[in-house]
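An overview of the molecular structure
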Amino acid sequence: EKVPDLKGAMYFYKRCADVATEVDARESMSKAFLNLGACEERSSNWQIAMEYHERALQIATSADSLPLQIKAASRLTQVYQVLAENCEKEGRDSEATALY
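This section reports on the structure supplied with the text.

Calculation criteria
- Residues numbered from 1 in each chain as written.
- Predicted model: local features only at pLDDT ≥ 70, side-chain atom pairs only at ≥ 80, totals over all residues.
- Heavy atoms only, no water.
- Helix = DSSP H or I, 4+ residues; strand = E, 2+ residues; numbered from the N terminus.
- Buried < 20%, exposed > 50% of the residue type's maximum accessible area, 1.4 Å probe, protein only.
- Contact = heavy atoms within 4.5 Å.
- Areas by Shrake-Rupley, 256 points an atom, 1.4 Å probe, with all protein chains shown as cover.
- Lys, Arg positive; Asp, Glu negative; His and termini not counted.
- Charge placed at Lys NZ, Arg CZ, Asp CG, Glu CD.
- Axes fitted to C-alpha atoms, helices over the stretch in contact; angles between N-to-C directions.
- Parallel < 35°, antiparallel > 145°, perpendicular 65-115°, else oblique.
- Left-handed = near helix turned anticlockwise from the far one by under 90°.
- Nonpolar A, V, L, I, M, F, W, Y, C, P; charged D, E, K, R; others polar.
- Phe/Tyr/Trp six-rings, centres within 6.5 Å; stacked < 30°, edge-to-face > 60°.

Glancing now at the overall build of the chain. Looking only at helices and strands, one finds 5 helices and 0 strands in the chain. Along the chain, helices and strands appear, N-terminal first, in the series α-α-α-α-α. Dimensions of the chain, computed from the C-alpha atoms along their principal axes, are close to 45 × 30 × 20 Å. Across the 100 residues in the chain, those meeting the buried criterion constitute 36%. Contacts in the chain between residues far apart in sequence, at least 24 positions, make up 45% of those at least 6 positions apart. For the chain, the computed accessible surface area is about 6200 Å², with 52% contributed by carbon and sulfur atoms. One way to put it: in the chain the 12 positive side-chain charges average out to a point 6 Å from where the 16 negative ones average out.

Contact pair helix α1 (residues 6-22) / helix α2 (residues 26-42): the axes reach a minimum separation of 8 Å and the direction vectors enclose 160°. Overall, the two elements α1 and α2 adopt an arrangement that is roughly antiparallel. In this structure, α1 crosses over α2, and the sense of that crossing is left-handed. Contacts between α1 and α2 involve Leu6, Ala9, Met10, Tyr13, Lys14, Cys16, Ala17, Ala20 and Thr21 from the former and Ser28, Met29, Ala32, Phe33, Asn35, Leu36, Cys39, Glu40 and Arg42 from the latter. For the contact of α1 with α2, the residue count by class is 12 nonpolar, 3 polar and 3 charged.

Attention now moves to the packing of aromatic side chains. Taken as a whole, this structure holds 2 aromatic pairs when the rule is applied. With centroids separated by 5.1 Å and ring planes inclined at 80°, the aromatic side chains of Tyr11 and Phe12 adopt a geometry described as edge-to-face. Taking relative accessible area as the criterion, Phe12 reaches 57% and is therefore assigned exposed.

Listed below in structure tokens is the structure:
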């Protein structure tokens, strides 16, 4: 997460996810998706960040990794909050309510 170049970081996190998928290392897959989501957050790509965090949570749950589940759920909650606030600003109240 400390790589200043987001594109470079995302390349390596995607590569990590690919390798982890090949060997079915679910905790590593979940961590890679969490980091990809964090990169997307830094770029304000909230919808994509949500997708990565949801995937990380799903994988962490299947891996029965409570610490990763907590981290993914926490990040996901923050992203939902931002998305809901954006929907409110655009007058899409029903979508905002669903995200809250």
